[in-house]
Structure formats: structure tokens, C-alpha cells
Protein chains: 2
Amino acid sequence: MTKEYDILVIGAGILGLSCAYHLKINNRTKEILVVDRLPDAAQGNTARSAAMFRNMFTSQDNLMLARSSVNFYLAMQNSGVDLGLRQTGYLWIMSERQLSKSEPHIRKMETAGIKIARYDCSELRHRLPSLKTAFDPLDEESRLMNLEDIAGAIFGPECGRLDPEKLARFYMNEFLKLGGKVVFGTSAKRIIVEPKEPLGLEGEPFVWQDSRIVGAVLHGEINGEVRAETTVIATGVWNNEILDPIGIDGRVKGKKRQIFTISVGDDSRLAGLMHNKNFNSLGVLPFVILPKNLLYIKAVNEEKRFWVGCDDDLNQPFVNIPDPEIGHYRADTRYFEENVYRILKAYLPDFEGHRNPDQMWAGMYSYNTLDSIPFVFIENGMIVAGGGSGSGIMKADAMGRLVDSAYREGENSEAELYGGLHYKLNRIGFKSRAVEREDWVI
Amino acid sequence: MTKEYDILVIGAGILGLSCAYHLKINNRTKEILVVDRLPDAAQGNTARSAAMFRNMFTSQDNLMLARSSVNFYLAMQNSGVDLGLRQTGYLWIMSERQLSKSEPHIRKMETAGIKIARYDCSELRHRLPSLKTAFDPLDEESRLMNLEDIAGAIFGPECGRLDPEKLARFYMNEFLKLGGKVVFGTSAKRIIVEPKEPLGLEGEPFVWQDSRIVGAVLHGEINGEVRAETTVIATGVWNNEILDPIGIDGRVKGKKRQIFTISVGDDSRLAGLMHNKNFNSLGVLPFVILPKNLLYIKAVNEEKRFWVGCDDDLNQPFVNIPDPEIGHYRADTRYFEENVYRILKAYLPDFEGHRNPDQMWAGMYSYNTLDSIPFVFIENGMIVAGGGSGSGIMKADAMGRLVDSAYREGENSEAELYGGLHYKLNRIGFKSRAVEREDWVI
């Protein structure tokens, strides 16, 4: 049973749905099908993300992609669509060493027009009184952990959090209204490569034939071949499973990241920390990044919970295809206690005693290991987008526009981002990649 | 049982042994151990290669790495070491379209001082009389295969073939003479990552500890931990298996390539083709590259055999870890007959009837999919080299010198290549990679 579409989008995470929406709105007569192996939209790694957004980047590319996307999200929310968007701000807390290393990057961001407030240590203590800013040199624990004293912080008031499932659902609903089709519970078993001029011989395509991608063999709610003029791959960390068999580099590597939540409950110290009035008009603690392992604290006042996670690079395996059986999507309390909790309580003693997270989960961080900036490339009838590297949700709108531009005008086109800025697609491909390196990684 | 070395080199292919040799000769007091899972030197993909070398590259990087390496091999052979090196030349046969597309690249190579002869079609026919240069437009077969008429060729007289096993053995013997140690039948089960300041606690390293690579757990002739100040990874397509578990991107993807041999036997036409006197003083057919799928013919007069293979990209799977069980190292006659043989006999009818290769094998081509130029990078006590992308053997000497430079002076050092040229190591790393793109891919 063979079905035909103009465009087949594989993956209904935030990226696939943004692609589907922008493709459909600009190509209204085209028949577009989105499939996903999971039973609903954005239930893979999109749902497992820390789901923050920021406009603090030094790379012009990151800045354009994130700023235009977030401006679109803000405009949608202001027009009445609830995307759970809250500009709580980002508070990057730093040691003397980090601050001085960061100074040129902070200045670059200020020059680019990014709103940034600087707090010295005394102002920071005033705004966040329970933060521990200095360690006793005789304190064995902080010495062993090589924890640095805090010298100050920078605050980005335009950053914040959003609800990626609501955002994905917004894109999906708009896409459906325009006549697009989404089928869940359907995985791509195989990408179909065929000769441009088939001879009807067994063993095709032969090496001497010109071949292209013409769709996929699906399994689930739809079974069998679905042919499409263009196939869009938006499968994140699953890129390798989908593309390795046809010899295309999916350009991502996956790593597990864990998130733990701590309920405020009846702990008045945590309640005080949560309802901090010194940073934003919401009266809620901003997203806090500590000076060790980029450990972050996300205050979700609606849930009365903090989300906590940290960076984890060397020795955290790359996973070719995540396997739920062996725990790639499972977090563990021991990891929390030995790694996260020790840093957390050292800088924020309010968390002392909260050794048992009330919820926890893991997701796969999909790296572009080359430069941590996303990519879009075209390959014989296929468009591959990905490489979010921890900031995919906040760039998803721009990525959808780039994919649409790739579809309509090819790899040398210029996409118009939300707000009217133009972005050259070949900057973000691999044939002549020219993205600006990101320095804002403390 | 823990053993300690200054340097542990994993992989005794051509790359690992060149590294071992250059490391030892420049660091004579250092204790260096090379291990390989196979029973002898260069028995993996080194032995499965087409084993050619060329100085025809447009990329300054490729040119410096290959030219200096081949000059070293030539000097060694001229000093009495048999490396099986034969400057038979490379004959790139091209269509009108290919020639005109290649013209700027050919000119660039000539400007770089690379010896290149140009043959128009009539001269080419004179030198290689049995070559079919034009197809009847009514010929169904050549039309279906989209075979182009031949317009001419370029000839690189300084290119040729060598014996990579002899070269590997040369490096190994010199390394052993200097006191180095090589152990075969020993695989690296696991790279050891440890905190720089271990606390002796279970679960180390924790994320808040600074960690580094301190050796590997071996299995085979040596069993257990082998600790080393520096671990060198030269495992080619096995990089992923070794490095994924510690979360380092090995920067390669592997693809199967097949080689088929055809005996001259008592076929006088093939004997005539083999003993062509019109290209080199050896009186043997040069390495011929046809205008379709980069199909190549290597004449090995000592064996009275031709080796034949071809390019194969889209639809040839990337393989994370090659598995002999499922045929990653097996060639098949059907592939020969349907793909290789059809192109071969169309341009060189002397091969007509030779449908059954007398030998065949497959190997893994280890791609750096970013730019097909090799890399050397340093990561926390480890040096990773690789990415040969089909031209690893001919660059192995330079790569060994780069790894030694990385070891002695770090990633910002300048390596001295054979012949005295200096090469900046950070060109070929990933932090600020600056290799010149290669255009000489027809």
C-alpha cells in the first residue's frame, strides 16, 4: 500500500511540528504528513527538556535563531495563545575567575543589544540572601569539590521558561487547521532510496544510478511505503538510527541528562527562595545557574517545585540509539545525591535535607558535537534539521522557517525569520558552514 | 594487576605504529606500549585498503600531509627498506563535463608544483588503445548507465602504490629497536576516566571532580588495567566503540568498501593492458580512475592481478561498529557483477567475460564526514588521531609526527613534517579547525 505526499515530516517533537507549520503556511496546496512513533505530540525529548529560553548568546547565529523564535513565541502568547511563557530571567552566578574570563563575552552581548544587569557580590547577596557566597578555607567538603567563592552575577531579564508541549500543540493545531495531517504511533522503519530513473531490476539502486530519497517505510498506524517528493528528518537523537542505514551522517550524538524536582511542601525556607521578589515582576526566583557544572535551579511556582539539573560531559556516554530498557530515560536518586545535591546545598543551603527528589526523569541531549549550533542540510530529496544541543526548543521557530526556505528555494536561499531578519541558509549547512562560534558557555 | 606506561597507544594499524615510532624516537626515555586486538601489525583495515598514494590534492593540508609522508616513504625505500613503493602514476580519465569542472582545481595543483601531464582524447587513445572513449548513442546499456564519453585525462607521475603491511612493519621494527613494546591479541575493553584528585569513594568520578583519561582496561594477552600518562587512540573505525562510552566524539563514521581482483591468467588482452609501456618506466598500467563512480583499476604486475573497486556513497550504510558476522568484511560477487563489472567492461572491454573475481574482500572506510581531512585532537590526557577518509595510509607519517607534537607541546604546537615543513596542529583539531577544503574529488 503506497501513499503519496508532497512532504513527509518524520518526528513530531517541537522541531518537526515547527517545520510542518512553516512548510504548510508557505506551501498551502502541498500535502504534508507528519508521523511520530509516540502516541502524541512532543512526547519524546521535547517533553523531557528543562524547557528554558534565553537571548544570551555571543554567536550571531544562536542569537538570531533564538531571539527571533522567542519573539514569535511572545507575540503568540500576547495574542492569546497560552504557551506557558514566563520571563523569569536567567541569573548566572559566577566566581571571580569566571567573571573575568566572561567579561569580553558579556561586553559582546551588551553591544549586541542584549539586556544584561550586572550584580556585584554584595548586591547579589542583597537580592538572594540565602546564597552562600564564600567558603571557609578549612571546610573540607567545599575544598574537595573545588567550589569557588562567588564574585557576582549577571542577570538576563528577557530570558525565561516556556511550556514546550503547549508550543508544540500550538504548531500542530495551526498545521491541522491548514489541512495538514499528523499520525502518531507510527515509526519510520526505513528511508527509501531509489534511482531517479528506475529500471525495474532487482538490486536497484546500483552504484552507477543517480539516486534520491523518496519517502519512508512506516510501521504502526500507517504501515508500508509512504512516498514523498521531500522527506524532512526532525528526529533529534534518533537521527543516527534513521540515517545511518542510508549512509548519511545525522550529525548528532546523544547524551543522557537528568532532571530532579524538589517540592516546596511546607518548607518555609524553600518557599522564601521560590517567592523571591528581587528579580522580576512575577515575584519568583529566576533560573539560577551556579558556578559549578552549570548546575541550574528552575523555580516553577505553579507546581510549587524546583527543577534541578547539571552539566555532565566527560565520562557521560554518547548513546547511538537510546534504549529505555537500559535506563537512558531513567534518572536515579544516587546520581542526585552524589552529584547534584552536593553542589546545590553547598551554594543554596535552603536545600539542605532535601535528598529525595519527588520526581525525576532523564532525556537525551542531542549534540551537534562540532560547534553546538543547530544545522539544516539538504541531501537528495531530504532535508535534515537538528543539533539543538540543549537549546533546540528556543530556536525551533527559526529552524522551521529555515527548513521551509530549504524546501522552497534550496540550500543557497535566505530565510526570513520572525521580525523580518534574513538568514542565509548555507551558514548553517555543512558544505560551507559559517556559523559564529558560541562563547557563552561558562 | 596494574601496569604503568608513559604512553599507551591503542591500535597497531599504520596510524598507531607511525604514532608509536615518532613518539618513541622523540621521547626515548618514555615507556610506550602499543596494543591491538588482532594477532599482528596492520591486519585490520590497513591491510584491506587499496593502498595507493597520491600527491594530487588541492587542499594545502592534504598536500602537506601526503607529500611529506610519501617523501619519507620514498627516502626510506631509497635507503634500502622495501616498502613495496612503486610510482606507477595515477591516470584520472574524465568526461568533458568533468574536465571543465576540474580545470580550476587542476590549475591550482599545477601552481602548487604538483607534476601533472594532460592528455587529450587522441593522446589518451594512443597511450591506452583498448580504452573505449565514445559510446554509440543507440547503445542501450551505456545510455541507461549514464556513461559519459571520455574527453581526456590527467596523469600524476609521482603517485603510485605501496605495501602498507611492509610500511607498518617498518615502523614497528624501528619502534621495537628503540625499546618500545607491542602486544597483539589484546583489545581495549574500556578507557579509564579518573578524578585528578581521587577521594577513594565509590561512584567516582563525580561530576564536580576534574577528571582525566588515565589508561585502559585491556583484555587478551594483557588483562586488566594499564595506566598511562597519555593514551593515544588510533583505532580508525573502532573509535566510536572506544570513545562513545566516555562521551567523547570519535569523529568518524565507517562505510564498507569492497575490492575485487582479476587474474591476468592466460588472457593476452589483459596481459597487454597490464604491461602498458606508455606511462611509466616500470612498464605497467598506472592506477586508472574511470569517469564513473571513481571506479579504479590497480595493476599489480608482481601478482599478475588487477584490483578493482569503486566509490559508493548514498545508500551504503554507515556502520557504528563493523560486525564480521553480518558481512562487513565480506565482499560479494553479485555486487561485483551488477555494479563494478558493468562500468569496468564498458570503458575497458578487455575485462569482458571476467565476471568472477579470483579474490575479493571488504574493509571499512573511516570517514571524517565533516571535511574528509584527518584530525588530531587532545582531550584530558588522551590524543585521538584518525579520519583518514580513504587517504590515511599516505598521510600516516605526518600524522605520527603531529601526534608526537601534540604529546610534547600540546594543541597549539607546530609539528615539523618530513622535509622540514612546519604544520600548525590546531589547524587539524576541532576547537579552531582551519583545514583547507579539498576540491580534488571528481
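Residues numbered from 1 in each chain as written. Chains lettered and ligands numbered in written order. Predicted model: local features only at pLDDT ≥ 70, side-chain atom pairs only at ≥ 80, totals over all residues.

1. Comments concerning the overall build of chain A
Logical step 1: Each helix and strand counted, chain A has 10 helices and 21 strands in total.
Logical step 2: The C-alpha radius of gyration of chain A comes to 23 Å, within 12% of the 22 Å expected for a compact globule of 442 residues.
Logical step 3: Across its three principal directions, the C-alpha atoms of chain A cover 80 × 45 × 40 Å.
Logical step 4: Residues counted as buried form 51% of the 442 residues belonging to chain A.
Logical step 5: Here the analysis covers contacts within chain A between residues at least 6 apart in sequence; of these, 74% occur between residues at least 24 apart. (Helix = DSSP H or I, 4+ residues; strand = E, 2+ residues; numbered from the N terminus. Rg over C-alpha atoms; globule rule 2.2 N^0.38 Å. Buried ≥ 20, exposed ≤ 12 C-beta atoms within 10 Å, placed from the backbone. Contact = placed C-beta atoms within 7 Å.)

2. Points about the relation of the copies chain B and chain A
Logical step 1: Of the transformation superimposing chain B on chain A, the axial component is 0.0 Å and the angular component is 180 degrees, with the fit at an RMSD of 0.0 Å. A rotation of that kind, with that shift, is consistent with a two-fold axis. (Least-squares fit on C-alpha atoms with pLDDT ≥ 70 in both.)

3. Considerations on the interface of chain B and chain A
Logical step 1: Opposite the 38 residues of chain B that make contact, chain A presents 38 residues.
Logical step 2: Counting residues per element, the ones that place at least two in the side of chain B that touches chain A are strand S12 (253-263) and helix H10 (333-347) of chain B.
Logical step 3: Of all the elements, H10 of chain B adds the most residues to the side of chain B that touches chain A, at four residues.
Logical step 4: Broken down by class, the residue content of the side of chain B that touches chain A amounts to 17 nonpolar, 11 polar and 10 charged. (Nonpolar A, V, L, I, M, F, W, Y, C, P; charged D, E, K, R; others polar.)

4. As for unusual backbone geometry
Logical step 1: Here Glu204 of chain A and Pro205 of chain A are connected by a cis peptide whose omega angle stands at -5 degrees.
Logical step 2: The residue Pro205 of chain A is located in the loop between strand S9 (186-195) and strand S10 (211-220) in this model.
Logical step 3: Despite not being glycine, Asn380 of chain A has its phi angle at roughly 50 degrees, a positive value.
Logical step 4: Take Asn380 of chain A: it is sitting in the loop between strand S18 (375-379) and strand S19 (382-386).
Logical step 5: On the basis of neighbour count, Asn380 of chain A is assigned to the partly exposed category, with 16 C-beta atoms found within 10 Å.
Logical step 6: Although it is not a glycine, Asn315 of chain B sits at a positive phi angle of roughly 85 degrees.
Logical step 7: Tracing the chain through its elements places Asn315 of chain B in the loop between strand S15 (305-309) and strand S16 (318-319).

5. Digging into the packing of helix H1 (residues 14-26) of chain A against helix H6 (residues 164-177) of chain A
Residue and element names in this part refer to chain A.
Logical step 1: Following both chains from N to C, one finds H1 and H6 inclined at 30 degrees, their axes separated by 8 Å at the closest point. Classified by the interaxial angle, the pair formed by H1 and H6 is roughly parallel. In terms of crossing hand, the pair formed by H1 and H6 is left-handed. Taken together, the residues of H6 that come into contact with H1 (itself represented by Ile14, Leu17, Ser18, Ala20, Tyr21 and Lys24) are Pro164, Leu167, Ala168, Tyr171, Met172, Glu174 and Phe175.
Logical step 2: For the contact of H1 with H6, a count of residues per class yields 10 nonpolar, one polar and two charged. (Axes fitted to C-alpha atoms, helices over the stretch in contact; angles between N-to-C directions. Parallel < 35°, antiparallel > 145°, perpendicular 65-115°, else oblique. Left-handed = near helix turned anticlockwise from the far one by under 90°.)

6. Section: helix H1 (residues 14-26) of chain B
Residue and element names in this part refer to chain B.
Logical step 1: For H1, which comprises 13 residues, the first-to-last C-alpha distance of 18 Å matches the rise-based estimate of 18 Å (1.5 Å per residue) to within 8%.
Logical step 2: Of all 13 residues that make up H1, 11 are buried, and the element is covered over most of its length.
Logical step 3: Along H1, the residues classified as buried are Ile14, Leu15, Gly16, Leu17, Ser18, Cys19, Ala20, Tyr21, His22, Leu23 and Lys24. (Expected span 1.5 Å × (residues − 1).)

7. Structural notes on the domain arrangement of chain A
Residues and elements named next belong to chain A.
Logical step 1: Domain boundaries in chain A define domain 1 (3-52 + 165-252 + 370-427) and domain 2 (90-156 + 254-367).
Logical step 2: The C-alpha-based centres of domain 1 and domain 2 are spaced at 34 Å.
Logical step 3: Across the contact, 16 residues belong to domain 1 and 17 residues belong to domain 2.
Logical step 4: Of the residues in the side of domain 1 that touches domain 2, the class split is four nonpolar, 10 polar and two charged. (Domains from an automatic or database assignment.)

8. Considerations on the environment of Arg67 of chain B
Logical step 1: In this structure, Arg67 of chain B sits in helix H3 (residues 60-78).
Logical step 2: Taking the C-alpha atoms as reference points, Arg67 of chain B and Lys395 of chain B, separated by 328 residues in sequence, lie 7.9 Å from one another.

9. Quick word on the environment of Ala20 of chain B
All names here are of chain B.
Logical step 1: Following the sequence through the fold, Ala20 ends up in helix H1.
Logical step 2: Residue Ala20 is classed as buried on the basis of its C-beta count, with 31 C-beta atoms lying within 10 Å.
Logical step 3: Sequence spacing of Ala20 and Leu176 is 156 residues, and the spatial spacing of their C-alpha atoms is 9.6 Å.
Logical step 4: Discounting residues that sit within four places of it in the chain, Ala20 has contacts with Val9, Ile32, Val34, Tyr171, Phe175 and Gly180.

10. Brief notes about the confidence of the model for chain A
Logical step 1: When pLDDT is averaged along chain A, the result is 96; 100% of the residues meet or exceed 70.
Logical step 2: On the interface metric, ipTM, the complex scores 0.95, and its pTM is 0.97. (pLDDT = per-residue confidence, 0-100.)

11. Structural notes on helix H10 (residues 396-409) of chain A
Residues and elements named next belong to chain A.
Logical step 1: With 14 residues, H10 should reach 20 Å at 1.5 Å per residue; the first-to-last C-alpha distance of 20 Å fits that figure.
Logical step 2: Counting buried residues along H10, 12 of its 14 residues qualify, which places the element largely inside the surrounding structure.
Logical step 3: Every buried residue of H10 is listed here: Ala396, Asp397, Ala398, Met399, Gly400, Arg401, Leu402, Val403, Asp404, Ser405, Ala406 and Tyr407.
Logical step 4: Directly beyond the C-terminal end of H10, a positive phi value near 85 degrees is found at Gly410.

12. Describing the environment of His219 of chain B
Residue and element names in this part refer to chain B.
Logical step 1: Position of His219 relative to the elements: it lies in strand S10 (residues 211-220).
Logical step 2: Separated by 32 residues in the primary sequence, His219 and Ser187 have C-alpha atoms spaced 5.4 Å apart.
Logical step 3: The contacts of His219, once residues within four sequence positions are left out, are Thr186, Ser187 and Lys189.

13. Quick word on the pairing of strand S14 (residues 296-300) of chain A
All names here are of chain A.
Logical step 1: Counting buried residues in S14 gives four out of five residues, a clear majority hidden from the surface.
Logical step 2: Sheet topology places strand S13 (residues 287-289) next to S14; two bridges connect them, and they run antiparallel. If you follow Val288 over to S14, its bridge partner there is Ile297.
Logical step 3: What sits between S13 and S14 in their antiparallel hairpin is a turn of six residues, with Asn293 showing a positive phi close to 55 degrees.
Logical step 4: Alignment of S14 against strand S15 (residues 305-309), held across five bridges, turns out to be antiparallel. Paired with Tyr296 across the strands is Gly309, a residue of S15.
Logical step 5: In this structure, the hairpin formed by S14 and S15 is closed by a connection of four residues, where Lys304 is found at a positive phi of approximately 55 degrees. (Pairing = 2+ DSSP bridges.)

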